[in-house]
Every structure is written in structure tokens, then in C-alpha cells.
Amino acid sequence: MSTEATEALPTRPAPALDERHLGLSVVRLAWPVVVQQVAYSAVQLVDTYLVGHLGEDALAGLRLGGQVYWLCQAGMGAVGAGTIAVVARAVGARQMERADATVRTSLTLAALWGLSLAVGLWLLGDWSLGMLGAEPEARRLGADYLRASAIGMVFWSLLFAVNSSLQAAGDTRTPMFISVLLNAVNGAAAYLLINGSGPFPRLEVVGAGAGFTVAAIVGAALGLAVLLSGRRVLRWRPLQGPPLDGREAGRILRVGIPAGLEQAQFNIAFMLYTRIVASMGTTAVAAHGVTLAIQGLAFNAGFGISVATSALVGQGLGARRPDLAERATYVASRYSLLATTAVAVVLAAFGGHITRAFVAGEGADEVVELGRKLMLIFAFAMPGMGLNLALSGALRGAGDTRSVLVIVAFCNWVVRLVPAYLLAIVAGLGVPGAWMAAVLDINSRVLLLWLRFRQGRWKHIRV
């Protein structure tokens, strides 16, 4: 990546916790993450839009492949969560050499995980789609998509570690710029390769996976170039220390493994949840998948605040100011609640119109009507999701990832899956019944996270 490309990104020091303007600190850190997540969600939305016009089987294959992809993100989540907690503590304590050592180790762990993902998706993609209950044609297309995107996982994992490091240090703008560029590259590559425009072959669903791989390579190259440039708070100096520092790896993984297990069990539970939906036919899977993609975009405001809260709590604890970390969490929770409530109103009012923009061809009307119902139901979970993201972000930033794991696992397996089966299958409510269970899960999770945060044990955790 050229020097000119890295210089186009703004240089900003890590913002210190401003005790008098905590709200400004939250907003300053959060809004670039919101833009970043919108761009990443747009990657899925662009692929969903382009593939959705190829037919129901292609769309179902893409979305079921996406479920496998999210399971693979567990390792990235482990490295990312551990990196944020450890780097933020070092930045808060102004131990920058230690932060740089953490970055080197984080990148190595990310590369190893990405390589294992590439091999796993290539060899086991078809089997995993069969476990999800995909119908034959959707299974074949989904497996093709996973193989095409497998190589990109190495680079995507590296970019994930780069972004987590920068965000922990308070630089959320650089990941934002990278994500916007990545989305543009993915959109152009996917369009050309899916449709076969100009000299490019028409690859259809395979083109979506190839577009993702191209974009991931570009994003990782730019992210690593930024760290190498020496113009940011954090620096990557691969020759100035071991690529894998045992002590730093231990600190990252102590915090990160519970976070990774949290995400892994969530995705396994969600795959079983999707299996319940898949038993109702391709139309149900298509509506379920499109609605999930749209709601992924809707979560972005809350997710941005979650990342900001993790960074602020970690820096506050590193500076030995747990009182400031607690106040920042409550400010962030209020902002997240307001943002997700506003999104809930939009989804409830315009869910059908939004769904129609992503669906065409035979069976489109059925998919749109079902998608409208699902978004109306899930609007009742959005305020709780906002609080969930802020509180879980605070606990993860403090290193209290084990309690988050226990709470999320209990709610996923007991509060979501069992009612989903009872409502959707036994009571005959279909996909809307499964989504009612999701609303129950999210709102129950908020209560348990709040009780854990109120106990205050997170203030004394060492990372």
C-alpha cells in the first residue's frame, strides 16, 4: 500500500477520558465505529442485493453460508476482545511499548486463526451447510460461496486485529476510513464478478465470495501499512521483538478465550435456531436471512457505542479511575438506548418497504410479507439490544468476559432455543414464533448484564 494512501488518513492522538465531557468522549469514539459497522454491514447488504436477484436458492445459499461465516468469527472475536482490553489498559497507563508488543502478538494470533479458517471453510463448507438443513441447490451454491471467500479469511482476520488495536487506543477514525474503502472495493468487485460485466466472467454466487476476498486483501494491506507508518499512537515493528510474545499472548487469551467461546456458542445456538427456521422451507430461510442482514445494519449505532465503552472502561481502569469508567458506561448506555429505540420505530413502520428493496423474482411477495412481520416483532427487542451492547462492552473492556459468556450462553440455550421450538413448531406460529423467542432472549440478557455490572466486581479484574 502506497505512502500516499496512508497519509490520506487523519492523524489523531488517543483521546484521554474527559471527566467533564464524558458524553463527548463516547460520541467521539463511537461515531466512527458506527460508520465502520455500517460499511461492513453494507458488504453483506450489497451481496444480498446482488445475489437476491439471482433467485431464492442463490439467496438462501448465500445467507446460510453467512451463518457459517459468523461461526468462524469466534476466533477473531477472541483475539479482538483480548486486544481491546489489554491495549486499552496499557494506553490508559501510558505504557506504549507494552501496547506495541501486544499489537505484534495480536497480529500473529489473528494470522494463525485466519489460516485455519481458510482451510476449514474450503474443506468443510458443504458439510456445515448440510448440518444447517440447506436444501440441495441452496447447499451447493452456499458451499461455492464459502470456498471463494476462504482465502479472504486470513486477511479479514488480520484487519480485525488491526482495527481492535487502534480502537483500544482511541483511534476509531482510521478503521472507519479503511472500512469505507473496503466496502467500495467489495461492491465493485462483487458486481463485476456476480454479473460478468465487461471482460469479467459471470460467477454468480461465487462472485460474491471472490469480491469479499479481494476487499479483505485491500483492507488488511492498508491497515498494516497504517501501523507500519509510525504516524499513529500504536506502531507495528515486526523486527523489534518476537512476533508472538508468550506473556502478551497469555493476557490476550485470558480475556479473549471466554469472549471467543461466547461468540462460538452463540453462533452454534444460532445455527440450531436457523435449523428450526430452515425446516419451514426456502421462503422462510430467505425472509429470515434478508431480515437478519437489514437488522445487522440497524445494530450499528449500538455496536459503535459498545466498542467505545470497552475502550473507555479499559483506559479508565488502566488510569486507576474505576469511578470514571462506571460513569462513562452509564452515559454510553443512555446514548445506545436512544439510538436503538429510534431504529426500532423505523423497522416497525417501514419493514416491508425495506425488505422489498432486496428481493425480486418468484416468491418475492411471500418473502416481503414475512420479512415485514419479522421486523415488526424484532422492533420490540431493539431498545434492549442497545443496553445489552453498552453493558456487555463495558464488562468486556474491563476483562470480565467470563460473566458475559455465562449470561449469553444461558439466555441463548434456555431462553431462546427452547421457546423458539415451542412457539414455531409446537404452537404452529412459524418463523414469527421463533423471532418472538429472540425478543425474550435479548430482554432477559439485559437484566442479567445490568445486575452483573451493578455488583462492581469488574473494577478489580487484572488483565
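Residues numbered from 1 in each chain as written. Predicted model: local features only at pLDDT ≥ 70, side-chain atom pairs only at ≥ 80, totals over all residues. Heavy atoms only, no water.

## A look at the overall build of the protein
Then step 1. Looking only at helices and strands, one finds 16 helices and 0 strands in the protein.
Then step 2. On C-alpha atoms alone, the protein measures out to a radius of gyration of 21 Å, which is about the 23 Å that the 2.2 N^0.38 rule sets for 463 residues.
Then step 3. Dimensions of the protein, computed from the C-alpha atoms along their principal axes, are close to 60 × 50 × 35 Å.
Then step 4. Within the protein, the proportion of its 463 residues that are buried is 59%.
Then step 5. For the protein, restricting intrachain contacts to residue pairs at least 6 apart in sequence, the fraction spanning at least 24 positions comes to 84%.
Then step 6. Looking at the protein as shown, the accessible area adds up to about 17800 Å², and 65% of this sits on carbon and sulfur atoms.
Then step 7. Counting 37 positive and 26 negative side-chain charges, the protein places the centres of these two groups 12 Å from one another. (Helix = DSSP H or I, 4+ residues; strand = E, 2+ residues; numbered from the N terminus. Rg over C-alpha atoms; globule rule 2.2 N^0.38 Å. Buried < 20%, exposed > 50% of the residue type's maximum accessible area, 1.4 Å probe, protein only. Contact = heavy atoms within 4.5 Å. Areas by Shrake-Rupley, 256 points an atom, 1.4 Å probe, with all protein chains shown as cover. Lys, Arg positive; Asp, Glu negative; His and termini not counted. Charge placed at Lys NZ, Arg CZ, Asp CG, Glu CD.)

## Comments concerning the nonpolar core
Then step 1. Of all hydrophobic cores here, the largest spans 39 residues; its most connected members are Val-51, Leu-121, Leu-129, Met-153, Trp-156 and Leu-182.
Then step 2. Those elements giving two or more residues to this core turn out to be helix 2 (22-52), helix 3 (56-92), helix 4 (96-131), helix 5 (136-150), helix 6 (152-168), helix 7 (173-195), helix 8 (205-229) and helix 9 (246-278).
Then step 3. Considering every element that reaches this core, the biggest residue donor is helix 3, with 8 residues.
Then step 4. Of all hydrophobic cores here, the second largest spans 38 residues; its members include Ile-276, Ala-287, Phe-358 and Ala-379. (Core = buried A, V, L, I, M, F, W, Y, C linked by side-chain atoms within 4.5 Å.)

## A closer look at the environment of Phe-160
Then step 1. Locating Phe-160 in the fold gives a position in helix 6.
Then step 2. A relative accessible area of 28% places Phe-160 in the partly exposed class.
Then step 3. Along the primary structure Phe-160 and Gly-223 are separated by 63 residues, whereas in three dimensions their C-alpha atoms are 9.3 Å apart.
Then step 4. Residues contacting Phe-160, with those up to four places away along its chain left out, are Gln-73, Met-76, Gly-77 and Gly-80.

## Things to note about the pattern of salt bridges
Then step 1. Counted by the stated rule, this structure contains 12 salt bridges.
Then step 2. Notably, a salt bridge pairs Arg-98 with Glu-248, separated by 3.3 Å at the nearest N-O pair. Here Arg-98 is found in helix 4, whereas its partner Glu-248 is found in helix 9, with 150 residues between them in sequence.
Then step 3. In this structure Arg-98 comes out as partly exposed when scored by relative accessible area, which is 25%.
Then step 4. A relative accessible area of 4% means that Glu-248 is categorised as buried.
Then step 5. Notably, a salt bridge pairs Arg-251 with Glu-248, separated by 3.3 Å at the nearest N-O pair. Of this pair, Arg-251 and Glu-248 both sit in helix 9, 3 residues apart, which is roughly one turn of that helix.
Then step 6. Through salt bridges with shared partners, a single ionic network connects Glu-137, Arg-140, Asp-144 and Arg-147. (Salt bridge = Lys/Arg side-chain N within 4 Å of Asp/Glu carboxyl O.)

## Some details on the packing of aromatic side chains
Then step 1. The tally for this structure, following the rule as stated, stands at 6 aromatic pairs.
Then step 2. Relative to Phe-453, the ring of Tyr-330 lies with its centre 5.5 Å away and its plane at 90°, an arrangement referred to as edge-to-face. Remark: Phe-453 occurs in helix 16 (residues 431-455) and Tyr-330 occurs in helix 12 (residues 322-356); sequence separation between them is 123 residues.
Then step 3. Given the relative accessible area of 1%, Phe-453 is considered buried.
Then step 4. Measuring from ring centre to ring centre gives 4.9 Å for Phe-453 and Trp-458, while their planes differ by 10°; the resulting arrangement is stacked.
Then step 5. Here a set of aromatic residues connected by ring pairs shows up, and it is made of Phe-266, Phe-270 and Tyr-273.
Then step 6. Positioned above the aromatic ring of Tyr-273, the side-chain terminus of Arg-416 is 5.1 Å from the ring centre. (Phe/Tyr/Trp six-rings, centres within 6.5 Å; stacked < 30°, edge-to-face > 60°. Lys NZ or Arg CZ within 6 Å of the ring centre and 35° of its normal.)

## Considering unusual backbone geometry
Then step 1. The residue Arg-94 is not glycine, and still its phi comes out positive at about 60°.
Then step 2. By secondary structure assignment, the location of Arg-94 is in the loop between helix 3 and helix 4.
Then step 3. For Arg-320, which is not glycine, the phi torsion reads 60° and is therefore positive.
Then step 4. Looking at the secondary structure, you find Arg-320 in the loop between helix 11 (300-318) and helix 12.

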